[in-house]
Amino acid sequence: MKLFVIALVLVGVCAAKNFCKRNSVAKSDADALVSAVLLYIPQVFGHCDAANNKANSFFGKDCKNTVQQGYCYGKSLYDGYEVADKVADCSFGEGDRDYSVSVTYTDMAAVLSSNGPVERLGALACESALPCVEHLADKLAKCAARDDTFYAKALENARNLLEPFITSNMGAVEDSLVCHFGADSDALTLLDLIKQKITSFDDIVDLVNKYLDADTQESLASGARSGLYSFLEGSNEFCDAECISKTSEYFKDLFTATHDAETCPTIESYCGGCQNNADSFISANADSVPCCTQTAMDSIIGSLQSLIEEYGDLLSKIESAVKDTVTEADVSVAGYEALKAAAMEQAGCLGDTYDELADGDCA
């Protein structure tokens, strides 16, 4: 749900709490992951002396803490939802086990409770993840300033590392698709189509060049750099305003009011009962949204709208080409079109609620 995503972004952008505590296995795996990152940094960015000779300094302590804590939290979710067991349950497309999970707005409110996981992740983001991103952006910018071909070489190095890994695991991907969707499924047909169209990294480059000319690629790169620094500036303001708990508290109350056993039993569909309940809460609590929350929301939505306005035609062109290719492979796009229509409808309802939040005065 869009509002929930925005709420998590606002809180998460800004763990100081130790997610690895009392989980020695996850902590050991997290340490191994950090060691792997330090091993690969010289292999990808080694043509810059700062990365080749000082990988520890290049990555930085904030990045290490972010990776460790983020991994441990992700592992706790992975174990809690028994993902490994669900993935391992192989019935060749004919399984009868139901793994659907019904999430309610009450569940979402609980996640936003005081000192809950979202607040703790927000603290991690503000204290470690944000400084990590700033640190890496500064290091990479200095490398690029000394070498015009820095990013091109880094991409080539990454390609050389990833290609063997992807090739060696393609068989496992096929087995998984057969396992969960069946040997005659559209999923396997699409994978075969991708394998035919993309046989090497050069094929990916050719596809990019087909749809993005040099000027567009430069515009995207420039926009990404500009967007990154705008994001960092806004994130620092959000964190400095100590907006984590304020945002969590507001959306916790909003989600609690949105839930209703009859009119809004789950988050599956927002239009209708859920939207009416949320809009009623916003109306009854006018001018109570925190100003720092409103500012961040405006920034996020504004950035998304700018991207859509600037690259909407390009995305439509790519979408049309992909659908034509898929249709030629005798794979129906009806399901995709139905999902797209439903998503557009829900997005419209969520957009109306966002306007209610954005147009009011803040507290």
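Refer to the structure above for everything that follows.
Quick notes on the rules
Residues numbered from 1 in each chain as written. Predicted model: local features only at pLDDT ≥ 70, side-chain atom pairs only at ≥ 80, totals over all residues. Heavy atoms only, no water. Helix = DSSP H or I, 4+ residues; strand = E, 2+ residues; numbered from the N terminus. Rg over C-alpha atoms; globule rule 2.2 N^0.38 Å. Areas by Shrake-Rupley, 256 points an atom, 1.4 Å probe, with all protein chains shown as cover. Phe/Tyr/Trp six-rings, centres within 6.5 Å; stacked < 30°, edge-to-face > 60°. Buried < 20%, exposed > 50% of the residue type's maximum accessible area, 1.4 Å probe, protein only.

Helices and strands together make up the secondary structure of the protein, namely 16 helices and zero strands. Its C-alpha atoms give the protein a radius of gyration of 23 Å, within 12% of the compact-globule value 21 Å for 363 residues. Taken along the three principal axes of its C-alpha coordinates, the protein extends 55 × 50 × 50 Å. Roughly 21000 Å² of accessible area belongs to the protein as shown, and the carbon and sulfur atoms make up 55% of that amount.

What follows deals with the packing of aromatic side chains. Per the counting criterion, the structure on display carries eight aromatic pairs. Geometrically, the ring pair formed by Phe 45 and Phe 150 is stacked, given 5.9 Å between the ring centres and 20° between the ring planes. Taken together, the positions of Phe 45 in helix H2 (residues 24-45) and Phe 150 in helix H9 (residues 150-181) put the pair 105 residues apart, joining distant regions of the chain. Note on Phe 45: relative accessible area 21%, which makes it partly exposed. Classification of Phe 150 as buried rests on a relative accessible area of 1%. A ring pair is formed by Tyr 105 and Phe 255, whose centres lie 5.7 Å apart and whose planes are at 40°; its orientation type is tilted. One end of the pair, Tyr 105, is in helix H7 (residues 105-111); the other, Phe 255, is in helix H13 (residues 243-258), and 150 residues separate them in sequence. A relative accessible area of 2% means that Tyr 105 is categorised as buried. Note on Phe 255: relative accessible area 2%, which makes it buried. Aromatic ring contacts, followed pair by pair, group Tyr 105, Tyr 250, Phe 251, Phe 255 and Phe 281 into a single cluster.

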